[in-house]
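# Coordinate analysis (summary)
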Amino acid sequence: MKKILGVLAICVAMAATPLWAHHAAEGMVDEEVYEMIDTMVADTPHGDMVLAEDPETGMWEMTITTPSLRSLETLIDDGLLTYIAMLDDVTSATIEFNDDRSVTITVVEN
């Protein structure tokens, strides 16, 4: 129950404040951060990451889906939100709890 409350607190904090952490990403490029996130998600059983970019506008959206809340908690414990905060131009990150008990995080750059 404590973990669920912790995740909900993180969700509320993410919704209330923008992600700013350029100091943590000094010297790193987005491609390196994407690779770290992709490697992290690949280690999660049945986890999936999709990165879509609009070539005309250069805007992108990253969607990470985990099979359960526990899988998401593991990713968060391993630093997922820190890595997301390292990406340039992130404008929002939302967490959705799906009907099949899976969880989806959508990160958008506008």
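Anything mentioned here points back to the structure above.
One structure accompanies this document, and this report is about it.

How each quantity is defined
- Residues numbered from 1 in each chain as written.
- Predicted model: local features only at pLDDT ≥ 70, side-chain atom pairs only at ≥ 80, totals over all residues.
- Heavy atoms only, no water.
- Salt bridge = Lys/Arg side-chain N within 4 Å of Asp/Glu carboxyl O.
- Helix = DSSP H or I, 4+ residues; strand = E, 2+ residues; numbered from the N terminus.
- Buried < 20%, exposed > 50% of the residue type's maximum accessible area, 1.4 Å probe, protein only.
- Pairing = 2+ DSSP bridges.
- Core = buried A, V, L, I, M, F, W, Y, C linked by side-chain atoms within 4.5 Å.

### What to know about the pattern of salt bridges
Counting across every chain of the model gives one salt bridge. Note that Glu73 is salt-bridged to Arg70, the shortest N-O span being 3.2 Å. Of this pair, Glu73 and Arg70 both sit in helix α3 (residues 69–77), separated by three residues, roughly a single helical turn. The class of Glu73 is buried, set by a relative accessible area of 7%.

### What about the pairing of strand β1 (residues 48–53)?
Strand direction decides the pairing type here: β1 and strand β2 (residues 60–66), joined by six bridges, are antiparallel. In the strand pairing of β2, Asp48 is matched with Thr65. Where β1 hands over to β2, the hairpin turn is made up of six residues, of which Gly58 adopts a positive phi near 80 degrees.

### Structural notes on the nonpolar core
The biggest cluster of nonpolar side chains holds 24 residues, and the ones touching the most others in it are Ile37, Met62 and Leu80. At the level of secondary structure, the elements contributing two or more residues to this core comprise α2 (30–42), β2, α3, α4 (80–86), β3 (90–97) and β4 (103–109). Per-element accounting of this core gives the leading share, five residues, to α2.

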